[in-house]
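Residues per chain are reported as follows:
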Amino acid sequence: MWNRKQNNSHARVIAALAATSVMALGGIAVSDVAIQTAAADNKVMPGTACDEGDEAFLTNRTNPRFLQSDADAQVYMCPVLRDDTTDDLDRLIVSVDNQVGGTGSPGDALRCTIHSISPDGTQIESAQAEAISLGLATLQFVLTDFLEFDKGHYVLQCDLHQNDRILQYRWRED
């Protein structure tokens, strides 16, 4: 009978070691997934996701490749999805097609502004980029010194002239 108890103890020890090994390996797999999840998070949105500020009928949404302003001057607000409300927005890139161009006069350029807004809406930090030349342009925002608010949100605002287009915008959270 003592042999049977001893064999039972050995079986329990082996089972415990096997269970510990499986849990440890599972922990490694879970930690690998967590490391991959913690990596930079890239997103892309079409220009058609942007919403016109005033006159919806002055926006051409007939082509899924871009949003086009049919007005002389129109303001568009574009959502910037934030997965982790404590991570920072690292970079924002906006692809546009400037059909008017800038003559050097104020307000001529196709202009986009990224806003970081506090949770209660009382504080705001903004950065701006412009496309002055005619044709396709890439507006890049490198936001290393950009003030961002934990649990706040972002909004991309673009000021377009007639026939100007927003093709897409993309960003990365770190």
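Residues numbered from 1 in each chain as written. Predicted model: local features only at pLDDT ≥ 70, side-chain atom pairs only at ≥ 80, totals over all residues. Heavy atoms only, no water.

A. Spatial organisation of the overall build of the protein. Within the protein one finds one helix and 11 strands. Each helix (α) and strand (β) of the protein, taken in turn from the N terminus, gives the series α-β-β-β-β-β-β-β-β-β-β-β. Expressed as a percentage of the 174 residues in the protein, the buried residues total 34%. Contacts in the protein between residues far apart in sequence, at least 24 positions, make up 73% of those at least 6 positions apart. Carbon and sulfur atoms provide 55% of the accessible area of the protein, an area that totals close to 10,500 Å². (Helix = DSSP H or I, 4+ residues; strand = E, 2+ residues; numbered from the N terminus. Buried < 20%, exposed > 50% of the residue type's maximum accessible area, 1.4 Å probe, protein only. Contact = heavy atoms within 4.5 Å. Areas by Shrake-Rupley, 256 points an atom, 1.4 Å probe, with all protein chains shown as cover.)

B. Local environment of the pairing of strand β11 (residues 165–173). Summarising the sheet, strand β1 (residues 41–46) and β11 pair through six bridges and their orientation is antiparallel. In the sheet register, Met45 faces β11, and the bridge partner there is Tyr169. Relative to β11, strand β4 (residues 67–69) runs antiparallel, the two sharing two bridges. Residue pairing for β11: Gln68 is matched across the bridge by Arg165. (Pairing = 2+ DSSP bridges.)

C. View of the pairing of strand β6 (residues 89–98). Buried residues dominate β6, accounting for nine of its 10 residues. Of the pairings in the sheet, the one linking β6 to strand β9 (residues 135–142) comprises eight bridges and is antiparallel in character. By the bridge assignment, Arg91 is partnered in β9 with Val142.

D. A look at the nonpolar core. Membership of the largest hydrophobic core comes to 26 residues, with the highest contact counts inside it found for Val94, Ile114 and Leu156. Elements with a minimum of two residues in this core: β5 (73–80), β6, β7 (110–117), β8 (124–131), β9, β10 (153–161) and β11. If we ignore the near neighbours within four places in the chain, the residues touching Val94 are Cys112, Ala137, Thr138, Leu139, Phe141, Leu156, Cys158, Ile166, Gln168 and Tyr169. (Core = buried A, V, L, I, M, F, W, Y, C linked by side-chain atoms within 4.5 Å.)

E. Focus on a negative patch on the surface. A surface patch of negative charge is lined by Asp84, Asp88, Asp150 and Asp174. Within the secondary structure layout, Asp84 lies in the loop between β5 and β6. (Patch = residues over 30% accessible without salt bridge, like charges linked within 9 Å, V, L, I, M, F, W, Y side chains within 5 Å. Salt bridge = Lys/Arg side-chain N within 4 Å of Asp/Glu carboxyl O. Lys, Arg positive; Asp, Glu negative; His and termini not counted. Charge placed at Lys NZ, Arg CZ, Asp CG, Glu CD.)

F. Region of interest: the pattern of salt bridges. Under the definition given, this model contains four salt bridges. Between Glu130 and Arg111 there is a salt bridge whose closest N-O contact spans 2.6 Å. Remark: Arg111 occurs in strand β7 and Glu130 occurs in strand β8; sequence separation between them is 19 residues. Looking at Glu130, the relative accessible area reads 37%, which means it is partly exposed.

G. Quick peek at the sheet that holds β5. In space, the five strands of this open sheet follow the order β2-β5-β10-β7-β8, with antiparallel pairing throughout. One side of each edge strand has no neighbouring strand; the edge strands of this open sheet are β2 (51–52) and β8. In the sheet, β2 pairs with β5 via two bridges, with the strands oriented antiparallel. Residue pairing across strands places Asp51 opposite Met77, the latter belonging to β5.

H. Focus on the packing of aromatic side chains. Taken as a whole and assessed by the stated rule, the structure comprises one aromatic pair. For the pair Tyr169 and Trp171, a centre-to-centre distance of 5.6 Å together with 20 degrees between the ring planes defines the contact as stacked. The residues Tyr169 and Trp171 share a single accessibility class, namely buried. The aromatic ring of Phe66 is capped on one face by Arg165, whose charged end is 4.0 Å from the ring centroid. (Phe/Tyr/Trp six-rings, centres within 6.5 Å; stacked < 30°, edge-to-face > 60°. Lys NZ or Arg CZ within 6 Å of the ring centre and 35° of its normal.)

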